[in-house]
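What follows is the residue order along each chain.
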Amino acid sequence: MTENKRVLLVLTSHDDLGGLRSTGFYVGEAADPWQVFIKAGHAVDLASIAGGAPPADGLDERNPVQAAFLADPHIAAQLADTPKLAAVDPSVYDAVYFVGGHGTMWDFPTEAAVNTVGRAIYENGGVVAAVCHGPAALVNITLSDGTPLVRGKRLASFTNDEEAAVGLTDTVPFLLADALAERGAVPVPAPNFTENVVTDGRLVTGQNPQSAAGVATATLAALGS
């Protein structure tokens with residue numbers, strides 16, 4: 001029987017899309033992996049950068065997985081008042097999954113706890129996963145020797161072409177794929193808005209919302225579960 005694991009989903013707390021509209025974490029990118037993890041018998045917890053109730057974006061009220069996610073008592077209680085990521089003990093988690101949403105582009109790269117938690121879980125033999133704009137967390141995660149976590153690693157993230165397709169190239173604070181490449185990552189892009197999951201050891205990444213469940217499935221494989 002597979003040993004139960006604990007997975008931490010990290011959500012953005014940033015709610016302003018460059019003055020254009022509100023933003024936040026992309027609901028489907030949290031709901032889809034949640035379903036994969038709990039169906040496999042694992043525990044899922046939430047944390048956000050600032051704590052409290054995180055801003056949400058992209059909710060599809062007709063989507064049964066998203067509806068189940070929001071209605072789940074454990075999830076609903078956490079979404080009402082998430083712990084700050086800085087208050088989380090990373091030693092109790094087997095994997096961290098950085099959920100996307102445009103808000104991540106503002107607060108994931110600048111939050112020290114992203115580096116602390118990501119590094120701790122990775123160096124403890126755990127899996128670091130991220131999807132869509134969630135890899136913004138990976139821009140400034142370094143290992144204990146100062147090496148960028150992504151250096152030399154194949155990965156996927158929201159692409160420059162996809163950012164252009166949604167008309168936000170000039171709104172986001174930087175282009176995610178470019179920033180990751182500057183840290184030594186090896187981007188592996190696929191056609192716009194098609195599922196693309198890339199595993200490189202214990203780093204698992206996905207390109208877009210269509211990849212969220214696949215990243216979770218690949219995370220389970222990397223965990224050996």
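Scroll up to find the structure this text is about.
Residues numbered from 1 in each chain as written. Predicted model: local features only at pLDDT ≥ 70, side-chain atom pairs only at ≥ 80, totals over all residues. Heavy atoms only, no water.

**Student:** Is there a simple way to think about the packing of helix H1 (residues 27-39) against helix H2 (residues 64-71) in this case?
**Tutor:** The relative placement of two packed helices comes down to the angle between their axes together with the axis-to-axis distance. In the contact formed by H1 and H2, the axes pass within 9 Å of each other and the chain directions differ by 80°. One way to sum up the angle between H1 and H2 is to call them roughly perpendicular. Here Val27, Gly28, Ala30, Ala31, Asp32, Trp34 and Gln35 of H1 come into contact with H2, specifically with Val65, Gln66, Ala68 and Phe69. The residue inventory of the contact of H1 with H2, partitioned by class, reads 7 nonpolar, 3 polar and 1 charged. (Axes fitted to C-alpha atoms, helices over the stretch in contact; angles between N-to-C directions. Helix = DSSP H or I, 4+ residues; strand = E, 2+ residues; numbered from the N terminus. Parallel < 35°, antiparallel > 145°, perpendicular 65-115°, else oblique. Contact = heavy atoms within 4.5 Å. Nonpolar A, V, L, I, M, F, W, Y, C, P; charged D, E, K, R; others polar.)

**Student:** Explain the environment of proline 191 to me, please; I cannot follow it from the model alone.
**Tutor:** With respect to the helices and strands, proline 191 occurs in the loop between strand S8 (186-187) and strand S9 (197-200). Overall, proline 191 belongs to the exposed group, its relative accessible area being 58%. Distance from proline 191 to aspartate 161, taken between C-alpha atoms, is 8.8 Å for residues 30 residues apart in sequence. Every residue in contact with proline 191, bar those within four places of it in the chain, is listed here: Glu162 and Gln207. (Buried < 20%, exposed > 50% of the residue type's maximum accessible area, 1.4 Å probe, protein only.)

**Student:** Help me understand the packing of aromatic side chains, please; the structure alone is not making it clear to me.
**Tutor:** Under the definition given, this model contains 4 aromatic pairs. Taken together, a centroid distance of 6.2 Å and an interplanar angle of 85° make the contact between phenylalanine 37 and tyrosine 97 edge-to-face. One end of the pair, phenylalanine 37, is in helix H1; the other, tyrosine 97, is in strand S5 (residues 95-98), and 60 residues separate them in sequence. Judged by relative accessible area, which is 0%, phenylalanine 37 ranks as buried. For tyrosine 97, a relative accessible area of 0% translates into the label buried. (Phe/Tyr/Trp six-rings, centres within 6.5 Å; stacked < 30°, edge-to-face > 60°.)

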